[in-house]
Amino acid sequence: MNTFSRLIITLILVIFVVGLAALNSNILALTIPLMVYLFAAIALRPEGVAVEVTRTFTPDRASQDTPVTVQVKLLNVGSAVSELTVQDILPQGATVLDGESSTVIFLAKNAALDLTYTITAPRGEYANYETSMCAGDALGLFEQSFTHKSSRSLVIHPRYPKLDRIKIRPPQTRGFAGPIAARQGGSGINFWSVREYQANDPKRQINWRLSARAERELYTNVFEQERVADVGLILDARVNANVLTTSESLFEHSVRATAALAENFLNDGNRVSLLVYGAGLARVFPGYGRIQHNRILRELSRAEPSINYALESLNHLPTGQFPAKSQIVIISPLLPEDITMLRRMRAHGYAVIVVSPDPISYEATRFGDTTSLAYRLASAERRLMLRQMRQCGVQLVNWQVHQPLEHTIREMLAAQPLTMHYGLQS
Amino acid sequence: MNLKRLFGGLVITVAVLFAGIYAALDSYLLAIVSLGVGGLWLTLDAKIANYEGTLFFLAFVALAVIASLDDTLKPWPLLGLSINLAAWDIARFTARLANAEQPATRAVLTTRHLILLAGIIILGFVFAVLPALVRLAIPFVIVGGVALLALLTLQQSMRSLSRD
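First, a word on scope: everything that follows refers to the structure included in this document. (Residues numbered from 1 in each chain as written. Chains lettered and ligands numbered in written order. Predicted model: local features only at pLDDT ≥ 70, side-chain atom pairs only at ≥ 80, totals over all residues. Heavy atoms only, no water.)

### Description of the overall build of chain B
Counting its regular elements, chain B contains six helices and zero strands. The N-to-C order of helical and strand elements in chain B reads α-α-α-α-α-α. Burial statistics for chain B: of 164 residues in total, 40% are counted as buried. Looking at chain B alone, contacts between residues at least 24 apart form 68% of all its contacts between residues at least 6 apart. Counting only carbon and sulfur atoms, one obtains 71% of the accessible surface of chain B, whose full area is about 9,100 Å². (Helix = DSSP H or I, 4+ residues; strand = E, 2+ residues; numbered from the N terminus. Buried < 20%, exposed > 50% of the residue type's maximum accessible area, 1.4 Å probe, protein only. Contact = heavy atoms within 4.5 Å. Areas by Shrake-Rupley, 256 points an atom, 1.4 Å probe, with all protein chains shown as cover.)

Shown next, in the form of structure tokens:
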């Protein structure tokens, strides 16, 4: 029953009482059309409504701003429904590009309905996609509402740029061949050292010039081994480190950078893991290849900036979870107190790269305030903080987010020699 | 069929009908009120997307009740009420139909609904007019008893529906 059916009933009663009070049959007769209307609605009201809903997404994983086609199939396995209002509840921020996400239809027994529409949605994992249905009689007096929750989830990955190969030299590499110089002699491309010729050494590796100077010995060139490495990506999702506005967020840029870096390191054959440091410690354990890339993208889809007072500073970063002396890449706008943790990581032998989306220039660009004293002071403070970080051997990319990430990384990492990694070790 | 036009036609008919009834009864103020209510309903329907059409429906019901007090114009208030009921139903149906964007879906639903509505309104009107045509000498106590029984049945059915 809804408001209108209650209104009709009340009206019938009121008119009836007025008719009786006035002893007027004409007034009593006025209740008859209303009664017929009400009884017709009762006779046509939905009973035993059972609708099966199947939902498909094409593709079921897409990047931000990529159109996704949603197909909702409804099958009426119960009795016929005079008016079925179907509304697919869209994810927050989603825009319908084509088709319709809601309809009103007469659904006969065993009849099916196809609802197809195309949307674009912001980054996120939409697990509880709902279809709201309201079955009613043809006169709109009785209705029955129910909701169907989809078991399939829609994952919208962040959109990220393609990066050129990033050269890293962590102190320790893994046993498999890859692109990273391992500082060990063996087979490779770059010259490493020479040693005395041993049986079965290929003749083309003999260093003829050195051997000619020696009396009877032959010498063989040894090349530097190239291997894959462990790379740990840490995405800073602390609210206090990010700039959040109603329409945009610096965090989105951090997420995009993380996705781009993950793809880059995985394409080089490295073993990559991810840690999202925010409300908790969301982890993707180390792995290789495309599947690992999808795992990381899925975790990044879910990542949201959040507050956890226990994780306000990076001091609780579980660095022990990353393999010793591996490469760590932190994507964070950075806070002054984070220097302590970065120093500690360097002292533990990790090679650290920090990609830092610049919150000062981000806010200044947003508000068009690049000349004020406040901006200049904040910039100076940040420059000082970044210099301190560089001094402790951290490779730093200060990324002004309105500039392309690939250019910034290429320029900034090229300007900082890789040997800086070992500053604290030597 | 264009629902807007049909709705407009029904509202104008109701307003003119009640204005005519009250003019015949020399109640010119109520005749003007009838036209005013009809005009306001049409104006709001044309200009505002979500308005409370039920208020206008109730206003016409009240006018029908007042008009029924006079015995000389027997079937006309009943006809006015029936048309008013149809207009109110179409207004609500149009609002519900806002979710159906496909013209084919709209057309199917509209045709189905209008056929059903016409049947119900005509049936209601005929059932209401019948007692006026047939003259039976039944004591008022019996009429009251039958009406009370009908009301109790209605109440029970409503309770059972609420439980569902």
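Once you've had a look at it, read on.
### Description of the packing of helix α1 (residues 3-24) of chain B against helix α4 (residues 75-96) of chain B
All names here are of chain B. Relative to each other, α1 and α4 sit at 155°, their axes nearing to 9 Å. Our classification of the angle between α1 and α4 gives roughly antiparallel. Judged by the twist between their axes, the crossing of α1 over α4 is left-handed. Tallied by class, residues from the contact of α1 with α4 come to 19 nonpolar, four polar and no charged. (Axes fitted to C-alpha atoms, helices over the stretch in contact; angles between N-to-C directions. Parallel < 35°, antiparallel > 145°, perpendicular 65-115°, else oblique. Left-handed = near helix turned anticlockwise from the far one by under 90°. Nonpolar A, V, L, I, M, F, W, Y, C, P; charged D, E, K, R; others polar.)

### A closer look at the environment of Ser273(A)
All names here are of chain A. Structurally, the position occupied by Ser273 is in strand β15 (residues 271-277). Separated by 48 residues in the primary sequence, Ser273 and Gln321 have C-alpha atoms spaced 9.9 Å apart. Apart from the residues within four sequence positions on either side, Ser273 is in contact with Val231, Gly232, Leu233, Arg283, Val284, Phe285, Pro286, Gln292 and Phe322.

### Here we look at the interface of chain B and chain A
A common way to express how large an interface is: the accessible area buried when the components associate. Taken residue by residue, the interface counts 45 residues in chain B and 45 residues in chain A. Taking both sides of the interface into account, the surface hidden between chain B and chain A amounts to around 4,000 Å²; carbon and sulfur atoms contribute 75%. Across the contact surface, chain B and chain A share one salt bridge. Residue Glu83(A) pairs with Arg96(B) through a salt bridge whose shortest N-O separation is 2.6 Å. (Buried area = accessible area lost by both parts, 1.4 Å probe. Salt bridge = Lys/Arg side-chain N within 4 Å of Asp/Glu carboxyl O.)

### What about the pattern of salt bridges?
Pairing between side chains of opposite charge can happen when their charged atoms approach one another. All chains considered together, the criterion is met by 19 salt bridges over all chains. For Lys4(B), the salt bridge identified is with Asp45(B), shortest N-O distance 3.1 Å. Of this pair, Lys4(B) sits in helix α1 while Asp45(B) sits in helix α2 (residues 28-47); the two residues are 41 residues apart in sequence, bridging distant segments of the chain. Its relative accessible area of 47% is what places Lys4(B) among the partly exposed residues. Taken together, the shared-partner salt bridges in this structure form one network comprising Glu125(A), Arg298(A), Glu299(A) and Arg302(A).

### Regarding the side chain of Thr131(A)
All names here are of chain A. Mapping Thr131 onto the fold places it in strand β9 (residues 130-136). A distance of 2.6 Å separates the side chain of Thr131 from the side chain of Arg55, its partner in a polar contact. Within the local environment of Thr131, its side chain forms a polar contact with the side chain of Asp88, the two groups lying 2.8 Å apart. Not counting chain neighbours up to four residues away, the residues in contact with Thr131 comprise Val53, Arg55, Val72, Val86, Gln87, Asp88, Phe146, Thr147 and His148. (Polar contact = N/O pair within 3.5 Å; in protein donor to acceptor, adjacent residues only side chain to side chain.)

### Describing unusual backbone geometry
Most peptide bonds are trans, and most residues other than glycine sit at a negative phi. Looking along the chain, the bond that leaves Thr58(A) and enters Pro59(A) is cis, with omega of -10°. Summarising the element assignment, Pro59(A) is placed in the loop between β1 (51-58) and β2 (61-63). Positive phi, close to 70°, is recorded for Asp65(A), a residue that is not glycine. Of note in the backbone geometry, Asp26(B) takes a positive phi value of approximately 60° without being a glycine. Inspection of the secondary structure puts Asp26(B) in the loop between α1 and α2.

### Focus on the sheet that holds strand β19 (residues 395-399) of chain A
Residues and elements named next belong to chain A. The mixed open sheet is built from six strands, whose spatial order is β16-β15-β14-β17-β18-β19. Every other strand in the sheet has two partners, leaving β16 (281-287) and β19 as the edge strands with one partner each. If you compare each strand with its neighbour and ignore which way they point, the axes differ by 10° on average. Bridge count for strand β14 (residues 230-236) against β15 is seven bridges, and the pairing is parallel. Opposite Asp230, over in β15, you have Arg271 as the bridge partner. With respect to the sheet, helix α5 (residues 250-267) is in contact with β14, β15, β16, β17 (327-331), β18 (351-357) and β19, its orientation differing from that of β14 by roughly 170°. (Pairing = 2+ DSSP bridges.)

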